[in-house]
Amino acid sequence: NIFATRQAPSWNHLFGTTDQGSDIFSQVVVGARRSLLLGAAAAALATAIAAFLGVTAAYAGGIVDEVVLLVTNVFLIIPPITLLVVASGYLKSRGMGTMILVLALSLWAFEARILRGQALSLKNRDFVLAAKASGESTRRIVVGELMPNMISRIAAAFVLVFYIALL
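Here the structure is a predicted model, which is why all the values come from computation and not from measurement.

Rules and cut-offs
- Residues numbered from 1 in each chain as written.
- Predicted model: local features only at pLDDT ≥ 70, side-chain atom pairs only at ≥ 80, totals over all residues.
- Heavy atoms only, no water.
- Axes fitted to C-alpha atoms, helices over the stretch in contact; angles between N-to-C directions.
- Helix = DSSP H or I, 4+ residues; strand = E, 2+ residues; numbered from the N terminus.
- Parallel < 35°, antiparallel > 145°, perpendicular 65-115°, else oblique.
- Left-handed = near helix turned anticlockwise from the far one by under 90°.
- Contact = heavy atoms within 4.5 Å.
- Salt bridge = Lys/Arg side-chain N within 4 Å of Asp/Glu carboxyl O.
- Buried < 20%, exposed > 50% of the residue type's maximum accessible area, 1.4 Å probe, protein only.
- Core = buried A, V, L, I, M, F, W, Y, C linked by side-chain atoms within 4.5 Å.

With respect to the packing of helix α4 (residues 96-123) against helix α6 (residues 138-166)
Between α4 and α6, whose axes approach to 10 Å, the crossing angle comes to 155°. With respect to their mutual orientation, α4 and α6 come out roughly antiparallel. Relative to α6, α4 is oriented so that their crossing is right-handed. Touching L103, L107, F110, E111, I114, L115, Q118, A119, L122 and K123 of α4 are L146, N149, M150, R153, I154, A157, L160, V161, I164 and A165, all from α6.

Focus: the pattern of salt bridges
Evaluated as defined, the whole model comprises five salt bridges. Put simply, R6 and D19 hold a salt bridge, and the shortest N to O gap is 2.8 Å. On the criterion of sequence distance, the pair formed by R6 in the segment before α1 (24-60) and D19 in the segment before α1 is long-range, its members being 13 residues apart. Here R6 and D19 have matching classes, each one exposed. For R140, the salt bridge is made with E136, and the minimal N-O distance between the two is 3.8 Å. For E136, a relative accessible area of 34% puts it in the partly exposed group. Three or more residues are tied together by salt bridges with common partners; here these are E136, R140 and E145.

Considerations on the nonpolar core
In terms of nonpolar packing, the biggest core is built from 29 residues, with V55, Y59, L103, W108, L115, L146 and M150 touching the most fellow members. Among the secondary structure elements, those contributing two or more residues to this core are α1, α4, α5 (126-133) and α6. Per-element tally for this core: the top contributor is α4, with 11 residues.

Let's talk about the packing of helix α2 (residues 62-76) against α4
Contact pair α2 / α4: the axes reach a minimum separation of 8 Å and the direction vectors enclose 135°. As far as their axial angle goes, α4 and α2 are oblique. Here α2 runs over α4; the crossing is left-handed. Contact residues: α2 offers D65, L69, V71, T72, N73, F75 and L76, while α4 offers L105, S106, W108, A109, F110, R113 and R116.

Observations regarding unusual backbone geometry
The backbone of R6 shows a phi angle near 50°, a positive value even though the residue is not glycine. Overall, the relative accessible area of 66% leaves R6 in the exposed class.

Focus: the environment of I151
Locating I151 in the fold gives a position in helix α6. Taking the C-alpha atoms as reference points, I151 and N124, 27 residues apart in sequence, are found 18 Å from one another.

This is how it looks when you write it as structure tokens:
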């Protein structure tokens, strides 16, 4: 709209307009779709990996816990942006899928440690011990007893990884 050039923010144009009369808010919305999709997909994948490995390490204990902690420590020292740049240089596919995979594989470790710690604290609670005593399967205890009590922390992990992936 040529008559709507350089307008200040208003109810009609929330962020104002450009020199050509384009609505800045609509440009921001269109431009943000790809970034939000990337962040959400990377966060969902990283949170799933972190929850699985963190709870598995805590509940299994022993050598499984030691191996998961070793792998987690290795991934904690890898900077995600550097890994993304190096991976994009060597891989044939440099699209959004590659970015999602690299970000998810480099951001899961921090949350896996936190979720492992919470699972360790829940592992020795009375409701888990009662489920073990009643003969519940390991899968039922993890999915039915531990995970519902960790859902708020898992959601917080998703939000944190989403934020970091956007950055």
